[in-house]
Each structure stands twice: as structure tokens, then as C-alpha cells.
Amino acid sequence: MTTTSTALAIAANGLRKAYGGKAVLDGVDLQVPAGSVFALLGPNGAGKTTAVKILSTLISPDPGSGPVLVGGHDLATHPQAARAVIGVTGQFSAVDGLITGEENMLLMADLHHLPKKEGRQVAAELLERFDLSDAAKRPASTYSGGMKRRLDIAMTLVGGPRIIFLDEPTTGLDPRSRHNMWQIIRELVTDGVTVFLTTQYLEEADELADRIAVLNGGRIVAEGTAEELKRIVPGGHVRLRFSDPAAYQSAAVALREVTRDDDALALQVPSDGSQRELRSILDWLDAAGFEADELTVHSPDLDDVFFALTDSTVVPNQSQENAR
């Protein structure tokens, strides 16, 4: 049944999909708030693209899956209504290199059944927005990788989708083109568009995503903000640097379970990076009469999270479950 709820752009329960008896998705739950960026991370073969294909109505989930609502529309009963509000940019460009950028845009306008005048207007506006107007009359085969990717997303926007699936949109792009693409994604979200992103670049998810889910072995093994995920793996610490060797030695003796750096007169105190634990360390320093010249908080990055959670030998612990 179609719903008019806009609180969640995507709500999927118990997604299942198997190929040749192997479960690619094994009961995956996803909830994506409208107007946000949601990143799905996972190693190659984890099922990220399969999830995108199901949510974008390209394939159906297996029997036994729960309901899937996209844009408020149940994919099982109203797939066409869902297609009307989504756009998809896959791993491989949909750009036709034999025709011009403008012709690619007009082809998409025709596919969306836009009147000719409106289609030309929309194409011109999007080409301008994506800085492709000067190249509009050139064959798309002459475009750089970054230009082709911008054209690909511009084509996706012809129908005015409110939910966009970007499946590894910056793969193969140079750093400048990747940063330009990030700015485009931020502008889309500012306009109220929901972006469902899969990526192999951990920095990309850290920069863009409001929430991140890690998919491994067909299941979501952790979900949360980037900062929440960083706190669930070990390695976080507070670094205290002293200029007074005597204060450094006294603090090193008084503190337990610290890592010493005698050359730098610095101590590393294990910490989960939380405000409560940081306050506890500061209170202890004050009470003991020690004054550190520099205090910095170091948290694991998303690379640490990714490797920890996608290691087949790691079983999600309670802290990982809490992050979900």
C-alpha cells in the first residue's frame, strides 16, 4: 500500500537475496531519513550493488523478505510510483559516447516524456549547473572521466528525482574531480534530495554521510554516524605532551596503562574519545597537580573501522550492536 510518510525516504526490512544458493543479502534492515546522505560500505562482493538494485526496482528481493518502501511507496505493490521519484547512477556510466552531451540529456528528457520545450530547458539548466555548457555540443567520448561522471549525474536528475542512488560514483576519478563530485552531492542534499551512496573510499563516506552502514557477510554489522563507528574499534587515545621532564615522569608513573614517548615527553592514555572520559582525564590531571602543555584526542578512522568489521574472523561485539 502506498504511504504518504516522508520521514523516511527508504525503509527496508529483512532484505534477502541469494544467487546459486549463496546468500548475498541475509536479512538486511535499512532506514534512510529523507534529505540525508546514507553510505553503505563493504568489501567487494558484500552485496552493496545488489541492495541498490533491489531498492531501485531493478531486481526483486527473494521471498521471505520484509516490506520495502522507497519514497513512501511499497515496491511490491507500487513499483512504478517508486520509480517516478528515484534516479540511479550505477558503477558504469550510462553516457553514450557517440552522441553529444546535450543529446544525451535530451534523450533522457524524451525517456521521461517531457515536452520538447521543457526538455530542452531542463537539459540546458542541468548542463549549466554541472559546468558542461561549453562542452554540450561535443561528443561525450571526448569528455574526461570527471566530465562523464558529471554528465551521468546530470542525466539522472532530468526527471527531478527526490531519491538518488549513487553506486560508487567517484571510482576512477582523480582527487580534484572527486572533490568536485562531493560538492555536487552536498548541493543535492541542500536541495532536499536523499542520496544513497555506496563507495570504496572511506574518506568519501566520512566527508559526506550523515549515517553509515557496514555490510559484511550479507548482514549489517554496524551502523551509525562516522564518529559513532570510530568509537567501536580499539585504538583511540588521548595524547598528553609535557615540556617539564619532571612533570612528565611523575605523570607517567601515576597513570596506569599509558604508552610513553620519552623523546617527545608525551603519554598516550587509552580513551574511547567520549566527552565523559576526556573530562575524567582532565579532572585527574587537575587533582594530581599535573599540567600538560598539549592535549589531543585521537580516534580510529574509518579505515580502522572497515578493516575491523569486515575481517571474517571478527564477530560483532556488544558495542558494535549498540552502534546500530
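The following refers to the structure shown.

Calculation criteria
Residues numbered from 1 in each chain as written. Predicted model: local features only at pLDDT ≥ 70, side-chain atom pairs only at ≥ 80, totals over all residues. Heavy atoms only, no water. Buried < 20%, exposed > 50% of the residue type's maximum accessible area, 1.4 Å probe, protein only. Helix = DSSP H or I, 4+ residues; strand = E, 2+ residues; numbered from the N terminus. Pairing = 2+ DSSP bridges. Polar contact = N/O pair within 3.5 Å; in protein donor to acceptor, adjacent residues only side chain to side chain. Phe/Tyr/Trp six-rings, centres within 6.5 Å; stacked < 30°, edge-to-face > 60°. Lys NZ or Arg CZ within 6 Å of the ring centre and 35° of its normal. Contact = heavy atoms within 4.5 Å. Axes fitted to C-alpha atoms, helices over the stretch in contact; angles between N-to-C directions. Patch = residues over 30% accessible without salt bridge, like charges linked within 9 Å, V, L, I, M, F, W, Y side chains within 5 Å. Areas by Shrake-Rupley, 256 points an atom, 1.4 Å probe, with all protein chains shown as cover. Salt bridge = Lys/Arg side-chain N within 4 Å of Asp/Glu carboxyl O. Core = buried A, V, L, I, M, F, W, Y, C linked by side-chain atoms within 4.5 Å.

### Digging into the pairing of strand β11 (residues 237–241)
Reasoning step 1: Among the 5 residues that make up β11, 4 are buried, leaving the element largely enclosed by the rest of the structure.
Reasoning step 2: Where β11 and strand β13 (residues 266–270) come together, 5 bridges link them in antiparallel fashion. Bridge assignment links L240 to a residue of β13, and that residue is L267.
Reasoning step 3: Here 5 bridges tie β11 to strand β14 (residues 294–298), and the two strands are oriented antiparallel to one another. Looking at β14, one finds that L240 is bridged to L295.

### A few points about the environment of S56
Reasoning step 1: Within the element layout of this structure, S56 appears in the loop between α1 (48–55) and β4 (68–70).
Reasoning step 2: The exposure class of S56 is buried, given its relative accessible area of 3%.
Reasoning step 3: For the pair S56 and F165, spaced 109 residues apart in sequence, the C-alpha to C-alpha distance is 7.6 Å.
Reasoning step 4: A polar atom in the side chain of S56 sits 2.6 Å from the backbone oxygen of V52.

### So, the packing of aromatic side chains
Reasoning step 1: Within this structure, the stated rule accounts for 5 aromatic pairs.
Reasoning step 2: Ring centres 5.5 Å apart and planes at 25° place the aromatic pair F38 and F196 in the stacked group. Of this pair, F38 sits in strand β3 (residues 37–41) while F196 sits in strand β8 (residues 194–198), and the two are 158 residues apart along the sequence. Like F38, the residue F196 is buried in the burial classification.
Reasoning step 3: Aromatic ring contacts, followed pair by pair, group F38, F165 and F196 into a single cluster.
Reasoning step 4: Here the basic side chain of R178 rests over the ring of Y201, its NZ or CZ set 3.9 Å away from the ring centre.

### Observations regarding the sheet that holds strand β5 (residues 73–74)
Reasoning step 1: Strand order across the open sheet formed by 4 strands is β2-β1-β4-β5, with antiparallel pairing between neighbours. In the strand order of this sheet, the two ends are held by β2 (22–33) and β5, each with one partner.
Reasoning step 2: Both strand β1 (residues 8–19) and β2 contribute to a ladder of 9 bridges, which runs antiparallel. Among the inter-strand pairings, L8 is bridged to a residue of β2, identified as P33.
Reasoning step 3: Sitting on the sheet, α1 is in contact with β1, β2 and β4, with an inclination near 120° to β1.

### A short note on a nonpolar patch on the surface
Reasoning step 1: On the surface, L282, L295 and V297 cluster together into a nonpolar patch covering about 200 Å² of accessible area.
Reasoning step 2: Along the polypeptide, L295 turns up in strand β14.
Reasoning step 3: Residue L295 is classed as partly exposed on the basis of its relative accessible area, which comes to 30%.

### Considerations on the nonpolar core
Reasoning step 1: Ranked by size, the top nonpolar core spans 54 residues in total, and within it M105, L151 and I212 carry the most contacts.
Reasoning step 2: In terms of residues, this core owes the most to one element, helix α6 (residues 175–190), which gives 6 residues.
Reasoning step 3: By size, the runner-up hydrophobic cluster in this structure holds 26 residues, among which are V52, I163, F196 and I220.

### Re the pattern of salt bridges
Reasoning step 1: For the structure shown, the criterion picks out 13 salt bridges.
Reasoning step 2: Between D206 and K230 there is a salt bridge, with its nearest N and O atoms 3.0 Å apart. Highlighted residues: D206 in helix α7 (residues 202–208) and K230 in helix α8 (residues 226–230), separated in sequence by 24 residues.
Reasoning step 3: By relative accessible area, D206 is classed as partly exposed at 31%.
Reasoning step 4: A relative accessible area of 10% means that K230 is categorised as buried.
Reasoning step 5: Note that R211 and E223 form a salt bridge whose closest N and O atoms lie 3.6 Å from each other. Highlighted residues: R211 in strand β9 (residues 211–216) and E223 in strand β10 (residues 219–224), separated in sequence by 12 residues.
Reasoning step 6: By relative accessible area, which is 25% here, R211 ends up partly exposed.

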